[in-house]
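Survey of secondary and tertiary structure
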Amino acid sequence: MASIERTAYPVFAQSYSLRELNLHFTPDEVELDWVKAKTLTATLRLNLAIQLKCFQYLRYFSPIEDIPPAITEHIRSVFGFSQRIEIGYEVKNTQYRHVEAIRDYLGITPAYGKAAITAAERHVAQAAQLMDQRIDIINAVIDGLVRDRIELPAFRTLDDLAERTHAEVQGRIFDTVMERISAPHLGALMRLMQTEDLEGRQSEYNELKRSARKPTKKHLEMLVDHLEWLESLGGVEDIFADIPETKVRHFAEQAMSYDVRELNECAPPRRFTLLLALIHRMQVRARDQLTEMFLRRVAAIHRKAKDDLAQFQLRQRGQLEKVAATFAGVLAIIKRESDDAEAGKAIREYVTPDTAEQMLLACEQIQANSGNNYLPRILTHFKSHRPVLFRLIHLLQIESASQDHSLIDALEIIKTYQDKHRVECINQPVKLSFASERWLKLLRRPAEGIIGIDRRMLEICVFSYVAEELRSGDLCVAGSEEFADYRKQLVPWAECVAMLPDYCEKVGLPVTSGDFVAGLRDWLNQRAQVLDDKFPHCHDVSWGSNGEPVLRKTVAREIPDSAVSLQNELVRRMPQRRILDVLANAERWLSFTRHFGPLSGNENKLREPAERYLMTIFAMGCNLGPTQAARHFAKSNVSPHTLSYVNRRHFSLENLSAAFRELTEVYLQLDLPKIWGDGKTVAADGTHYNFYDENLLTGQHFRYRKMGAVAYRHVANNYIAVFQHFIPPGVWEAIYVIEGLLKAGLSVQADTVHSDTQGQSASVFAFTHLLGIKLMPRIRSWKNLTLYRPEKNAKYQHINRLFKENVDWELLEKHWQDLMQVAISIYTGKISSATLLRKLGSYSRKNKLYDAAQVLGNIVRTGYLLDWMGDREMRQNVTAGTNKTESYNGFAKWMSFGGDVITVNEPDEQQKRLRYNDLIASSLILQNVVDMTLVLQEMRKDNWTITDEDLDFLSPYMTQHIKRFGDYSVTLKGAPEKWISANTFQQAATAARHAQRSTAPWGS
């Protein structure tokens, strides 16, 4: 049976605040009149009102004796009845009449009639077709019944219905898949799971799960081999043709968590369905990884050619000095000798024929290698990659995402000439509209009286532009996910039109292109005029001697002595805590481990599952790993295998994120964090983590100057993290700015983002604006950015020289529809904002959406920078916000004390490690706030004067009282700490549950 706590099935909370009682259980005037009209006595009036308000809260009728006293007493007080008025029914028929009256009044269909059962079966059948977890199915049915105004049946009824229907749907899918597998294909699948007579230590099934290693030429060849092998296992698209993608993904996740023995224990239909789903997902992943590695290898070829040119120019410096010295000597002779004949004779003597020949050769070499044109040197570095790159383009199905097929045609031509090594020059027509002038000079060469195309240079030219257009989205890869044609993923414009009014009202945008452009135009004119008027009297910005604007440095707020004393006293009084005890307290308080369980959806068979989950979170989140952690869990009798098994079979990115959201939601309900901030502003920043390097996530980071990956987080202005994701070095952090806000899924939705330079670009400014998000970055080299004049003829008295370009309003209005279609597609979750912004962050000569996004982004960024220059308080707030993120990153790293290196290469496991770490960090922040609240109460009793101004300087990132080392143990059998049952904290937990049930990530 599914755990009721893990579902949205409404139940009474342990306690309620006065605000919650007023909100949920106070009858309004209409309801009071109806109750009075339906009853004759005070007792019946009170009981009917209690039944009515509790039904509206639960959506089903609860036995009146199970209703918490706080609710009944609150409703009693609303009527002004004394305790003599009893609660309960002496005659059952009276209760039945009240139930029927409430159903009629609210227009509710009874739970156990034919119509209700039919509706429930319909909703559960629809949910089971798309979902694979029984809890998700139950939640979907509850939502459907509430929408249909049908009374909820007992939870056991819903659970049995969901279990039975889910099993039926799964059975039909498994049978359908088995029918579609041919006999030869089935034999090949059976060989994959063969465990006898193995030459190696593992079956081929384990080879399926192999992920890409670091992007070297050798590993590129290995990945090509791997994808060729995966493709040889047969296409599975037809087998899963009419099966929802969400189902296929979940089947693949289950298969990924199984070893070959566990998969062989499944019944054949289920076994082969899971196996085929895994093959399908691994084929998609391999195409993504192969394309990514192709981009990196082509970039490496160009980088080596650049380095080669730089090294050659460095070596040429000696030759250049000799040429300069010889030329200087010639000039000295000309200056000394006034007679031309004498000067010529002296020069002849000074520059011998041998010297002249050497100098001419040196000049030719210097001219050939001057500037930054490294393309003539690229062929040397391409040769070793040529065989594997050709294998790759034959393996991947690369297609054009636009009407321009010139690059695809050129790709087919180089495939035709791939093995014709004696052909130096291609004489057939080749459309080179994609190539730059530099490339054209290298490509064209005379041959037999005509101008042909150099075959070798054409190959590397085409590969270079294929990489560039895959990056920008002008080319796509069939059967890929990250490199699919994003245009096909957009919501059709006809559907967007229907959503447009509500969407624009929500985000505060005009509904038509004309009004949109006119509004932006007025706004930018206003921002420019405000700064121009302020400039003479503004001491924060002035013109420097070099003609550039100079901003006065922001100064941090001075911390008063009273706040320092308060901080010191808090630290002294804070109780000592162990990390595992903190996790245990969070579990006793919130039962957050209910989010975890077998990924298969089966019953949980772990012994003491909550304790096992807490130990696994601790082992992974502190980066101890299963082996090291098990050594310190000696008293708990847990093995490394158990911790590894629980991590693999019971934890996923989704359920870790759900638990993380619950802790965050509870934090938002507490009073102390509300003094620090409202949670509607977040700061985005990244920090470096060391990793094993046999994966595509790890790379050399230009800023940190070492290998690793970047943990990118959003931290709210009240100090709690709301989003986290590992990204590779070199990926512009700004592309995850929107993703972090859309996926937070909290009751408090942030609408403002602070970031550093890496957190902004023109495209990001454009789409944050279209999504109603205010982007406020701290831009390091803002003077190097171009500011756009609102109107061509606009002149300003003081800031005129700030503007370098004019806004193309016509282009923006022309492509407004394209921009809005993308924005609505992101909002509804049809396309990932990170995937889209990564493509739109790369220059595209074909994509007009890129041009429109650049125009809109430059407008918004210009307006922001004008405000930035004239508002010191804004600059202080942005700096303070980004400082909080940096402090959180340090706090979370302090928790990762098990080692400096994250020792996993599997992509999902890498992302899980970050979520484990942040789950521990959030638990500790929550515990610190609880302890700080209790200590502050004690201090007030001791006559301390505590003001909100002093509290504002505090932070929940305290670590002085935390013990990280020693023997570790955890038990939930003892009595919980007293504060857990206090009304303040129980009400926060209840409010968080309600908020979670009514809130979901955007686009979900």
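- The chain has the name Transposase and inactivated derivatives, TnpA family in an unreviewed UniProt entry, where Andreprevotia lacus DSM 23236 is given as its organism.
- According to UniProt, the comment filed for the chain under the heading Sequence similarities (unreviewed entry) is "Belongs to the transposase 7 family."

**Observations concerning the overall build of the chain**
- Counting its secondary structure elements, the chain contains 41 helices and 18 strands.
- Its C-alpha atoms give the chain principal-axis dimensions of about 135 × 85 × 65 Å.
- In the chain, which comprises 1004 residues, the proportion classed as buried is 54%.
- Taking contacts inside the chain between residues at least 6 apart in sequence as the whole, the part at least 24 apart equals 78%.
- Charged side chains of the chain number 126 positive and 125 negative; the gap between the two group centres comes to 3 Å.

**Describing the layout of surface pockets**
- Within this model, the second largest pocket holds a volume of roughly 1,300 Å³.
- In this structure, the second largest pocket is lined by 42 residues; those nearest its centre are L295, R296, A299, R471 and G730.
- Only α14 (268-315), α22 (455-472), β10 (699-701), α33 (762-770), α36 (833-840) and α37 (848-870) provide two or more residues apiece to the lining of the second largest pocket.
- Per-element tally for the lining of the second largest pocket: the top contributor is α14, with nine residues.
- Of the residues belonging to the lining of the second largest pocket, the class tally is 20 nonpolar, 13 polar and nine charged.

**Some words on the UniProt feature "domain: DUF4158" (unreviewed entry) in the chain**
- Look at the UniProt record and you will see "domain: DUF4158" (unreviewed entry) annotated at residues 3-163.
- Helix makes up 63% of residues 3-163 and strand 0%. Its end C-alpha atoms lie 13 Å apart.

**Focus on the nonpolar core**
- Grouped together as the largest cluster of nonpolar side chains are 172 residues, with contacts concentrated most on W589, F618, F767 and L812.
- Per-element accounting of this core gives the leading share, 14 residues, to helix α39 (residues 907-941).
- The two domains that each donate at least three residues to this core are domain 4 (561-661 + 906-999) and domain 5 (670-887 + 897-902).
- Apart from residues lying up to four places away in sequence, F767 is in contact with I738, L819, V822, A823, I826, L836, L837, L840 and A853.

**Some details on the domain arrangement of the chain**
- When the domains of the chain are assigned, the result is domain 1 (4-106), domain 2 (114-178), domain 3 (397-484), domain 4 (561-661 + 906-999) and domain 5 (670-887 + 897-902).
- Each of domain 1 and domain 5 has a C-alpha centre, and the two are 49 Å apart.

**With respect to the state of the cysteines**
- Evaluated as defined, the whole model comprises zero disulfides.
- The thiol of C425 is not disulfide-bonded; the next cysteine sulfur, from C461, is found 14 Å away.
- C496 forms no disulfide, and the closest cysteine sulfur to it belongs to C504, at a distance of 10 Å.

**Details of the pattern of salt bridges**
- Per the counting criterion, the structure on display carries 51 salt bridges.
- Across the pair R572 and E569 runs a salt bridge, and its minimum N-O distance is 2.6 Å. Of this pair, R572 and E569 are both found in helix α25 (residues 561-573), three residues apart, which corresponds to roughly one turn of the helix.
- Here E608 and K973 are joined by a salt bridge, their closest N and O atoms 3.2 Å apart. Here E608 is found in the loop between α26 (579-590) and α27 (609-621), whereas its partner K973 is found in the loop between β18 (962-963) and α41 (983-997), with 365 residues between them in sequence.
- Taking the relative accessible area as the measure of exposure, E608 reaches 28% and is therefore partly exposed.

**Brief notes about α26**
- For α26, spanning twelve residues, the distance from its first C-alpha to its last is 16 Å, which sits close to the expected 16 Å at 1.5 Å a residue.
- Burial runs high along α26: ten of the twelve residues are buried.
- Immediately downstream of α26, the backbone of S591 shows phi near 55°, a positive value.

**Observations regarding the packing of helix α3 (residues 42-58) against helix α5 (residues 92-106)**
- Packing of α3 against α5 brings their axes to within 10 Å, and their N-to-C directions diverge by 50°. Taken together, the axes of α3 and α5 are oblique relative to one another. α5 is crossed by α3, and the crossing has right-handed handedness. Here L44, L48, Q51, L52, F55 and Q56 of α3 come into contact with α5, specifically with T94, Q95, H98, I102, Y105 and L106.
- Across the contact of α3 with α5, the residue classes break down as seven nonpolar, five polar and no charged.

**Comments concerning helix α12 (residues 245-257)**
- Compared with an ideal rise of 1.5 Å per residue, which puts 13 residues at 18 Å, α12 spans 19 Å between its outermost C-alpha atoms and is within 8% of the ideal.
- Looking at the buried residues of α12, the elements they touch are α6 (114-130), α8 (155-180), α10 (204-208), α13 (260-264), α14 and α29 (640-650).

**A few points about the pairing of strand β9 (residues 681-691)**
- When you tally the buried positions in β9, you get ten out of eleven residues, the bulk of the element.
- In this structure, β9 lies alongside strand β13 (residues 752-755), joined through four bridges in parallel fashion. Note that in β13 the partner of A683 across the bridge is H754.
- As paired strands, β9 and strand β11 (residues 706-716) are joined by eight bridges and run antiparallel to one another.

**Side note on the packing of aromatic side chains**
- Scanning the entire structure with this criterion turns up 39 aromatic pairs.
- Ring geometry for F618 versus Y968: centroids 4.6 Å apart, planes at 65°, classification edge-to-face. Within this pair, whereas F618 is found in helix α27, its partner Y968 is found in the loop between β18 and α41, the two being separated by 350 residues in sequence.
- Of the residues examined, F618 reaches a relative accessible area of 1% and is grouped as buried.
- An aromatic cluster of three or more residues is present, and its members are F592, F596, Y613, F651 and Y916.
- R377 extends its terminal NZ or CZ atom over the ring of F312, reaching a point 4.4 Å from the ring centre.

**Considerations on the packing of helix α38 (residues 872-895) against α39**
- Running from N to C, α38 and α39 point in directions that differ by 105°, and their axes come no closer than 9 Å. In terms of axis orientation, α38 runs roughly perpendicular to α39. Where α38 approaches α39, its residues Y888, F891, A892 and M895 are matched on the opposing element by N917, D918, I920, A921, L924 and I925.
- For the contact of α38 with α39, a count of residues per class yields eight nonpolar, one polar and one charged.

What counts and how
Residues numbered from 1 in each chain as written. Predicted model: local features only at pLDDT ≥ 70, side-chain atom pairs only at ≥ 80, totals over all residues. Heavy atoms only, no water. UniProt positions renumbered as here; feature names shortened; annotations may be inferred. Helix = DSSP H or I, 4+ residues; strand = E, 2+ residues; numbered from the N terminus. Buried < 20%, exposed > 50% of the residue type's maximum accessible area, 1.4 Å probe, protein only. Contact = heavy atoms within 4.5 Å. Lys, Arg positive; Asp, Glu negative; His and termini not counted. Charge placed at Lys NZ, Arg CZ, Asp CG, Glu CD. 1 Å grid on protein atoms, 1.4 Å probe; cavity = no way out; pocket = protein on both sides within 12 Å on 5 of 7 lines; lining within 4 Å. Points joined across faces, edges and corners; volume = space filled by probe spheres on them. Nonpolar A, V, L, I, M, F, W, Y, C, P; charged D, E, K, R; others polar. Core = buried A, V, L, I, M, F, W, Y, C linked by side-chain atoms within 4.5 Å. Domains from an automatic or database assignment. Disulfide = S-S within 2.5 Å. Salt bridge = Lys/Arg side-chain N within 4 Å of Asp/Glu carboxyl O. Expected span 1.5 Å × (residues − 1). Axes fitted to C-alpha atoms, helices over the stretch in contact; angles between N-to-C directions. Parallel < 35°, antiparallel > 145°, perpendicular 65-115°, else oblique. Left-handed = near helix turned anticlockwise from the far one by under 90°. Pairing = 2+ DSSP bridges. Phe/Tyr/Trp six-rings, centres within 6.5 Å; stacked < 30°, edge-to-face > 60°. Lys NZ or Arg CZ within 6 Å of the ring centre and 35° of its normal.

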